[in-house]
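Listed below, chain by chain, are the residues.
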Amino acid sequence: MSDFERIGKVIRFADKNRGVLPEIKKAAYFTGLSEPDFRRLFCRWGGLPPEDFLQGLKPENTIERLRAGNRALDTGIESGLFRTGRFHELRVNAAVATPGEISPDGTGWVIQAGYAETPFGICLIAEGPRGICHLSFGDDGWNEIRADWPRAELIRDDGWAEELCRAVFMAGQPRTTERLTLRLFVKGSPFQVKVWRALLHIPDGQLASYGKVAELIGSPKASRAVGAAVGNNPIAFLIPCHRVIRGSGALGGYRWGIARKRAIQAWEFIP
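Small disclaimer: the values here were computed from a predicted structure and weren't measured.

Caption draft 1: Here's a closer look at the side chain of Glu-268. Residue position: Glu-268 is located in helix α12 (residues 258-269). On the basis of relative accessible area, Glu-268 is assigned to the buried category, the value being 7%. Within polar-contact distance, the side chain of Glu-268 engages the side chain of His-242 at 3.1 Å.

Caption draft 2: Fine view of the environment of Gly-253. Considering the arrangement of structural elements, one finds Gly-253 in the loop between β8 (244-245) and α12. For Gly-253, a relative accessible area of 46% gives the class partly exposed. Spatially, the C-alpha atom of Gly-253 lies 9.4 Å from that of Val-230, the residues being 23 residues apart in sequence. The residues contacting Gly-253, other than those within four sequence positions of it, are Tyr-210, Ile-258 and Lys-261.

Caption draft 3: Up close: the packing of helix α1 (residues 3-16) against α12. In the contact formed by α1 and α12, the axes pass within 9 Å of each other and the chain directions differ by 90°. As summarised for this structure, α1 and α12 are arranged roughly perpendicular, according to the angle between their axes. When α1 is examined against α12, the residues Phe-4, Ile-7, Ile-11, Arg-12 and Asp-15 are found in contact with a partner set consisting of Ala-259, Arg-260, Arg-262 and Ala-263. Residue classes in the contact of α1 with α12 are distributed as 5 nonpolar, no polar and 4 charged.

Caption draft 4: Seen up close, the packing of aromatic side chains. One pass over the structure, following the stated rule, counts 19 aromatic pairs. Between the aromatic rings of Trp-109 and Phe-185, the centroid separation amounts to 5.5 Å while the plane-to-plane angle is 45°, which identifies the pairing as tilted. Of this pair, Trp-109 sits in the loop between β1 (92-96) and β2 (110-118) while Phe-185 sits in strand β6 (residues 182-186), and the two are 76 residues apart along the sequence. The pair Trp-109 / Phe-185 is uniform in exposure class, with both members buried. Here the aromatic cluster, defined as three or more aromatic residues joined through ring pairs, consists of Phe-4, Phe-38, Phe-42, Trp-45, Phe-53, Phe-120, Phe-137, Phe-169, Phe-237, Tyr-254, Trp-256 and Trp-267. Above the plane of the ring of Phe-30 lies Lys-9, whose end atom (NZ or CZ) is 5.6 Å from the centre. It is Lys-187 that lies over the ring of Trp-149; its NZ or CZ is 4.2 Å from the centre.

Caption draft 5: Fine view of the confidence of the model for the chain. Put simply, the chain has an average pLDDT of 83, and 84% of its residues get 70 or more. Note on residues 84-90: pLDDT is under 50 here. Beyond four places in sequence and across chains, it has 13 contacts.

Caption draft 6: Just unusual backbone geometry, in detail. Even without glycine at this site, Phe-237 takes up a positive phi of about 70°. Here Phe-237 is to be found in the loop between α11 (223-231) and β8.

Caption draft 7: Structural context of the environment of Ile-239. With respect to the helices and strands, the residue Ile-239 is situated in the loop between α11 and β8. Residues contacting Ile-239, with those up to four places away along its chain left out, are Leu-184, Val-186, Trp-196, Leu-199, Leu-200 and Asn-233.

Caption draft 8: A look at the nonpolar core. Grouped together as the largest cluster of nonpolar side chains are 63 residues, with contacts concentrated most on Phe-53, Phe-120, Phe-137 and Val-168. The next biggest cluster of nonpolar side chains, apart from the first, holds 13 residues, and it includes Leu-124, Trp-149, Ala-152 and Leu-154.

Caption draft 9: Highlighting α1. A rise of 1.5 Å per residue sets the reference length of α1, with its 14 residues, at 20 Å; its end C-alpha atoms lie 20 Å apart and thus fit the reference within 8%. For α1, the complete set of buried residues consists of Phe-4, Arg-6, Ile-7, Gly-8, Val-10, Ile-11, Phe-13 and Ala-14. Buried residues along α1 sit in contact with α2 (24-30), α3 (35-46), α4 (50-55), β3 (121-128) and α12.

About the criteria used
- Residues numbered from 1 in each chain as written.
- Predicted model: local features only at pLDDT ≥ 70, side-chain atom pairs only at ≥ 80, totals over all residues.
- Heavy atoms only, no water.
- Helix = DSSP H or I, 4+ residues; strand = E, 2+ residues; numbered from the N terminus.
- Buried < 20%, exposed > 50% of the residue type's maximum accessible area, 1.4 Å probe, protein only.
- Polar contact = N/O pair within 3.5 Å; in protein donor to acceptor, adjacent residues only side chain to side chain.
- Contact = heavy atoms within 4.5 Å.
- Axes fitted to C-alpha atoms, helices over the stretch in contact; angles between N-to-C directions.
- Parallel < 35°, antiparallel > 145°, perpendicular 65-115°, else oblique.
- Nonpolar A, V, L, I, M, F, W, Y, C, P; charged D, E, K, R; others polar.
- Phe/Tyr/Trp six-rings, centres within 6.5 Å; stacked < 30°, edge-to-face > 60°.
- Lys NZ or Arg CZ within 6 Å of the ring centre and 35° of its normal.
- pLDDT = per-residue confidence, 0-100.
- Core = buried A, V, L, I, M, F, W, Y, C linked by side-chain atoms within 4.5 Å.
- Expected span 1.5 Å × (residues − 1).

Put into structure tokens, the structure is as follows:
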């Protein structure tokens, strides 16, 4: 069983004790580990004690992070931050495919792609000439890449993917001072692209509601359409769709699994 699979079991166990932190010994037993091994699991996985991780799962912390994220987006709306195209946490530069700039089917492109282990399970990452164009969790993303860029030459290199993912997830690690700017390249409808850009305004460790994202892009009644665009995000983690939840504090959906969404949120919560 992988570290992330055990983390998923911890999340499901914690959810059964909604609002009450389980004893560490009991949570360790649920995952089939001794308490010392359980503590080593969290040290290895996120450099943190299990108590801190469980704190990140508490409903009251989720609500507070939602309020903080919504306030941050309110500030962006008031200051015109989104309209000027500037970003809060400039960890990524997101470029967009424009008509005539690139063949919509990827003609003439070479895309390097590969699988790598991450703190949240196996991921598939791909990069073309303009930057990272795909990141998904699980092992079934090849068809998505081919559907997005059907005439591109696709080269598999898992070693390259492992090296890039070490940089990606180190850059996203809240307990490191190192920051890395990464280039992303996405294509989608104008509405989808506007939503994906808006997600980059949600600060690390905070959450925002679908409705607040809709306000940020100037379509306050389009929260359902925002949810659909969030669900079609082609670059997981770096375009942080995991930071969007319902206004009630409920998680909403996540195309790569609710346990994974909870794990990323809790991981980012630790200072």
